[in-house]
Amino acid sequence: MLRYFTLPVTPFQQNCSVVYDDQTRQAAIIDPGGDLDRLLAEIDRHGLKLEQIWQTHAHIDHAGGTAELARRLDLPIIGPHPGDQFWITGLPQQGAMFGFPPAEPFVPTRWLQDGDTVELAGHVLNVRHCPGHTPGHVVFHSPEMQRAFVGDVLFAGSIGRTDFPQGNHEQLIASITQRLWPMGDETVFIPGHGPESTFGRERQTNPYVGGT
Ligand SMILES: [Zn+2]
Ligand SMILES: [Zn+2]
C-alpha cells in the first residue's frame, strides 16, 4: 500500500511530503524545500529508501533543497513543468531575497506535462499541469490513496498567490475547477502550507472557489 507523511520545512512551513510503499519501503519526496537533515532523519526513522524527487513548482520554499538532495543521494528530479524554468534559474536570487540558505538551480531529469504519470514501486500517480500560481506548477494525484499533492494551487480556505511574475488569477481558478475538482469531492489534498482538506469541502466553503 502507498502511504505518506508530511513534514513542514523552512521558515515558510512548507509541507514536504514523503510518499512510500509500506512493503518495499521505496520512497519519493515531494518538494524538498530545505531542512534536509531533518527530512533525511525522518526518512531513516521510517526505514525508507529514497529514490526520487518530485517537484510541484520551483519557489524557494519548495525547491531550495532540491539540487543538494539530488546530488547527495544521486536522485532523479522529476518535474516541474518547463514553464517554471525561470524560477529554477532564479533560485539563488529567491534565496537571497527571503533570507534562505544559498539555493542552487537544478536541471530536472524529466520535465512533466499535463497527463503524464509518475511511478513508485508499481504505484502510479497522475500529473496535472495547474498553472496560475506559477506557469509550470504541477500536482500529483494518487487515485489509490485518494490523495492529491497540490503545492500552492489550493489551500484549506484559500488559493495560491498570483501576484508573482507570470502569475495569473483566471488561470489559477481554471486549474482548480477544471483539473482539481474532477479528482472527486472525497479526495483529500495536501497543500503546500497549512492543514489538509477535501475538494468537496473547498467547493462548498472556500471563499475564492466555493460554489464552482
Ligand atoms: Zn509557491
Ligand atoms: Zn509555498
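Conventions used here
Residues numbered from 1 in each chain as written. Chains lettered and ligands numbered in written order. Predicted model: local features only at pLDDT ≥ 70, side-chain atom pairs only at ≥ 80, totals over all residues. Core = buried A, V, L, I, M, F, W, Y, C linked by C-beta atoms within 7 Å. Buried ≥ 20, exposed ≤ 12 C-beta atoms within 10 Å, placed from the backbone. Contact = placed C-beta atoms within 7 Å. UniProt positions renumbered as here; feature names shortened; annotations may be inferred. Helix = DSSP H or I, 4+ residues; strand = E, 2+ residues; numbered from the N terminus. Pairing = 2+ DSSP bridges. Axes fitted to C-alpha atoms, helices over the stretch in contact; angles between N-to-C directions.

You'll find the protein entered in an unreviewed UniProt entry as MBL fold metallo-hydrolase, with Ramlibacter agri given as the organism.

For soluble globular proteins, nonpolar side chains are generally found buried alongside one another. A27, I29, F140 and V150 are the most contacted members of the largest nonpolar core, which totals 42 residues. Excluding residues within four positions of it along the chain, I29 makes contact with C16, V18, L39, L50 and I53. One finds A58, I60, I88 and L91 within the second-largest nonpolar core, a separate group that totals 8 residues.

What follows is about the UniProt feature "domain: Metallo-beta-lactamase" (unreviewed entry) in the protein. In the numbering used here, UniProt assigns the feature "domain: Metallo-beta-lactamase" (unreviewed entry) to residues 13-193. The straight-line gap between the two end C-alpha atoms of residues 13-193 is 6 Å; of that span, 26% is helix and 28% is strand.

Now for the sheet that holds strand 1 (residues 2-9). Ordered in space as 1-2-3-4-5, the 5 strands form an open sheet in which the pairing is mixed. Edge strands, defined here as strands with exactly one partner in the open sheet, are strand 1 and strand 5 (77-78). Direction of pairing for strand 1 relative to strand 2 (residues 14-21): antiparallel, over a ladder of 8 bridges. From the neighbouring strand, F5 faces strand 2, where its bridge partner is V18. Those strands touched by helix 1 (residues 36-45) are strand 1, strand 2, strand 3 (26-30) and strand 4 (49-54), and its axis lies near 155° from that of strand 1. Along the sheet face, helix 3 (residues 66-73) touches strand 4 and strand 5 and points at about 145° away from the line of strand 4.

What follows is about the sheet that holds strand 12 (residues 188-191). Whenever strands of a sheet pair, they do so through backbone hydrogen bonds, lying parallel or antiparallel. Pairing is mixed in the open sheet, where 6 strands are placed in the order 6-7-8-9-12-13. Both outer strands of the open sheet, strand 6 (117-120) and strand 13 (197-198), are each paired with one neighbouring strand and no more. Of the strand pairs in this sheet, strand 8 (residues 138-142) and strand 9 (residues 147-151) are connected by 3 bridges, and their pairing is antiparallel. The residue bridging S142 from the neighbouring strand is R147, located in strand 9.

With that settled, consider the pairing of strand 2. With 7 of 8 residues buried, strand 2 lies mostly within the body of the structure. Here strand 1 folds back onto strand 2 in antiparallel fashion, the turn holding 4 residues, of which T10 has a positive phi close to 70°. Pairing of strand 2 with strand 3 involves 4 bridges; the strand directions are antiparallel. Pairing of S17 across the sheet is with I30, part of strand 3. Between strand 2 and strand 3, which pair antiparallel in sequence order, lie 4 residues; one of them, R25, sits at a positive phi of approximately 70°.

Right, let's get into unusual backbone geometry. For the peptide bond that leads from G79 to P80, omega is 0°, which places it in the cis range. By the element assignment, P80 lies in the loop between strand 5 and helix 4 (85-89). For T10, which is not a glycine, the phi torsion comes out positive at approximately 70°. On the secondary structure map, T10 appears in the loop between strand 1 and strand 2. The backbone of R25 shows a phi angle near 70°, a positive value even though the residue is not glycine. Note that R25 resides in the loop between strand 2 and strand 3.

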